Amino acid sequence: MSFRHFNHALHRDIGYLCIGLTLIYALSGIAVNHLHDWNPNYTLEKSIATIPPSSYRGVVSEAMVLDMLRLIGERPTYENIFQPDPESLMVFVDGRVIQFHLPTGVVEYERAQRRPVWHALNYIHLNHAKKAWTWIADVYAVGLILLSLTGLALLPKGKFRVRCLVLTIVGILIPIIPLLLYY
Amino acid sequence: MKNWFGVMLVMLLVGLFSSSLHAQSFGAPLSLKETTSISAILENPDSFVGKTLQVRGLVVNVCASRGCWMSIAAEKPFEQLRFKVEDGEMVFPMTARGKTATVEGVLQKFVLSKEDVIAYQTHHAQQTGESFDPATVTSGETYFQLRGLGAVIEDL
């Protein structure tokens, strides 16, 4: 087998092996690039209700917590509570956070849920798993290096063209220009 | 040969995805034997600055956008301490709210000017989706947080 055929076969096969992770990394990359516009990992379901305002300020007793839950039609049971200040109460129940603001009577419900697909893609891309996944990600990175190097040698019909050089230089300049501008 | 391949595949999957159903670890393993009360730290924080501390408490808030901090409730009412890590170093899930966490970190002190407080609170409001009125800030403040090393969150 000639070098050209070997290189072509290597490039093609590495490409097949890398396709899954490349798509995951690319999609997740776009998702986390726009953190300011959306939360790529969680959806936050929020709703608001009101109860009669209260003049009480201070540590809320368990009986008061249960009464407040009854007022909004919740079962009188909870997992944990926290008061960030004397006017507010946070109740943690069934994966939800219910926040009461005593002076206004405003009640905010919030439930964080994993975004289907996106949470898993970001989990892989950002290596939240750590453990053995770090090594697999390293192997994938080596695969990408081989993919780029074998790609360089994929000359059209085995002949060097000016286009190959121009595109390669553009490919190198793409990361260098932002570095010169912003770094 | 096929058996070896099967064993290695199982070991790989176990290594990748193994974690307790009841407690999830983040960052470095916890190393301290003693837990310090958050309220005790907040009572006299300057004496703890620079020290590595282990604290335990209810997770009351989590960074919504990057999972880069958790607020942990103190033993006394109305007190909490922020546990902060570098982005990506550890990523705390929003589902940690309402769970109990044991964390270790180094206590840091920040002396913020009025402008710093406004910038910080604005950033915090963006992360949590809460509203914030800069006019409510009238002066600078001193702020303490644990620079995170490791954490274990129960019942995740």
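Cut-offs applied
- Residues numbered from 1 in each chain as written.
- Chains lettered and ligands numbered in written order.
- Predicted model: local features only at pLDDT ≥ 70, side-chain atom pairs only at ≥ 80, totals over all residues.
- Heavy atoms only, no water.
- Contact = heavy atoms within 4.5 Å.
- Buried area = accessible area lost by both parts, 1.4 Å probe.
- Salt bridge = Lys/Arg side-chain N within 4 Å of Asp/Glu carboxyl O.
- Polar contact = N/O pair within 3.5 Å; in protein donor to acceptor, adjacent residues only side chain to side chain.
- Helix = DSSP H or I, 4+ residues; strand = E, 2+ residues; numbered from the N terminus.
- Nonpolar A, V, L, I, M, F, W, Y, C, P; charged D, E, K, R; others polar.
- Axes fitted to C-alpha atoms, helices over the stretch in contact; angles between N-to-C directions.
- Parallel < 35°, antiparallel > 145°, perpendicular 65-115°, else oblique.
- Left-handed = near helix turned anticlockwise from the far one by under 90°.
- Pairing = 2+ DSSP bridges.
- pLDDT = per-residue confidence, 0-100.
- Buried < 20%, exposed > 50% of the residue type's maximum accessible area, 1.4 Å probe, protein only.
- Patch = residues over 30% accessible without salt bridge, like charges linked within 9 Å, V, L, I, M, F, W, Y side chains within 5 Å.
- Areas by Shrake-Rupley, 256 points an atom, 1.4 Å probe, with all protein chains shown as cover.
- Phe/Tyr/Trp six-rings, centres within 6.5 Å; stacked < 30°, edge-to-face > 60°.
- Lys NZ or Arg CZ within 6 Å of the ring centre and 35° of its normal.

Moving on to the interface of chain A and chain B. If you look at the interface, chain A gives 26 residues, while chain B gives 26 residues. Around 2,200 Å² of area is buried between chain A and chain B when both sides are counted, 62% of it from carbon and sulfur atoms. Across the contact surface, chain A and chain B share one salt bridge. Linking B:Arg97 and A:Glu110 is a salt bridge whose minimum nitrogen-to-oxygen distance equals 2.5 Å. Joining chain A to chain B, the criterion identifies five residue pairs in polar contact (both at pLDDT 80 or more). Those elements giving two or more residues to the side of chain A that touches chain B turn out to be strand 1 (42-50), strand 2 (80-82), strand 3 (88-93), strand 5 (106-114) and helix 4 (133-152) of chain A. Residue composition of the side of chain A that touches chain B, grouped by class: 16 nonpolar, five polar and five charged.

The next point concerns the packing of helix 1 (residues 3-33) of chain A against helix 4 of chain A. Residues and elements named next belong to chain A. At a closest axis distance of 9 Å, the pairing of helix 1 and helix 4 adopts a crossing angle of 135°. In this view, helix 1 runs oblique relative to helix 4, as classed from their interaxial angle. Where helix 1 crosses over helix 4, the two elements pack in a sense that is left-handed. Mapping the contact onto sequence places Asn 7, Leu 10, His 11, Ile 14, Gly 15, Cys 18, Leu 21, Thr 22 and Tyr 25 in helix 1 and Trp 133, Ala 137, Tyr 140, Gly 143, Leu 144, Leu 146, Leu 147, Thr 150 and Gly 151 in helix 4. Residue classes in the contact of helix 1 with helix 4 are distributed as eleven nonpolar, seven polar and no charged.

Before going further, it helps to examine the sheet that holds strand 1 of chain A. Residues and elements named next belong to chain A. Taken in spatial order, the five strands of this open sheet run 1-5-4-3-2, and their pairing is antiparallel. On the outer flanks of this sheet lie strand 1 and strand 2, each paired with one strand and no other. Between one strand axis and the next, the sheet turns by 20° as a mean value, whatever way the strands run. Bridge count for strand 3 against strand 4 (residues 96-101) is six bridges, and the pairing is antiparallel. Note that in strand 4 the partner of Met 90 across the bridge is Gln 99. Relative to the sheet, helix 2 (residues 62-71) contacts strand 2, strand 3 and strand 4, its axis offset from that of strand 3 by approximately 75°.

We now examine the confidence of the model for chain B. With 85% of its residues at a pLDDT of at least 70, chain B reaches an overall mean of 88. As scored by the predictor, the complex reaches a pTM of 0.77 and an ipTM of 0.78.

In the structure shown here, the tally under the stated rule is twelve salt bridges over all chains. Among the salt bridges present, the one from A:Lys46 reaches A:Glu110, with a minimum N-O distance of 3.4 Å. Taken together, the residues span a long stretch of sequence, with A:Lys46 in strand 1 and A:Glu110 in strand 5 at a distance of 64 residues. For A:Lys46, a relative accessible area of 47% corresponds to the partly exposed category. A relative accessible area of 13% places A:Glu110 in the buried class. Among the charged side chains, a salt-bridge network with shared partners connects A:Lys46, A:Glu110 and B:Arg97.

This part covers the packing of helix 1 of chain A against helix 3 (residues 118-125) of chain A. All names here are of chain A. In the contact formed by helix 1 and helix 3, the axes pass within 9 Å of each other and the chain directions differ by 105°. Accordingly, the angle class assigned to the pair helix 1 and helix 3 is roughly perpendicular. Contacts between helix 1 and helix 3 involve Leu 21, Ile 24, Tyr 25, Leu 27, Ser 28, Gly 29, Ala 31 and Val 32 from the former and Trp 118, Leu 121, Asn 122, Ile 124 and His 125 from the latter. Broken down by class, the residue content of the contact of helix 1 with helix 3 amounts to nine nonpolar, four polar and no charged.

Before going further, it helps to examine the environment of B:Lys33. Along the chain, B:Lys33 turns up in the loop between strand 1 (23-27) and helix 2 (38-43). Its relative accessible area of 81% is what places B:Lys33 among the exposed residues.

Right, let's talk about a nonpolar patch on the surface for a bit. Residue and element names in this part refer to chain A. Taken together, the side chains of Phe 160, Leu 165, Ile 169, Ile 172, Leu 173, Ile 176, Ile 177, Leu 180, Leu 181 and Tyr 182 make up a nonpolar region of the molecular surface, amounting to roughly 1,100 Å² of accessible area. Note on placement: Ile 177 falls in helix 5 (residues 162-182). For Ile 177, a relative accessible area of 44% gives the class partly exposed.

Applying the stated rule across the entire model yields six aromatic pairs over all chains. With a centroid separation of 5.5 Å and 85° between ring planes, the pair formed by A:Trp38 and A:Trp118 is classed as edge-to-face. Linking A:Trp38 in the loop between helix 1 and strand 1 with A:Trp118 in helix 3, this pair joins segments that are 80 residues apart in sequence. The exposure class of A:Trp38 is partly exposed, given its relative accessible area of 27%. With 5.8 Å between their ring centres and 50° between their planes, B:Phe83 and B:Phe92 make a pair best called tilted. Look at B:Phe83 and you get buried, because its relative accessible area is 1%. Looking at B:Phe92, the relative accessible area reads 1%, which means it is buried. An aromatic cluster is present here, built from B:Phe26, B:Phe83 and B:Phe92 joined pairwise through their rings. The ring of B:Trp69 is capped by B:Arg82, whose NZ or CZ atom sits 3.8 Å from the centre of that ring.

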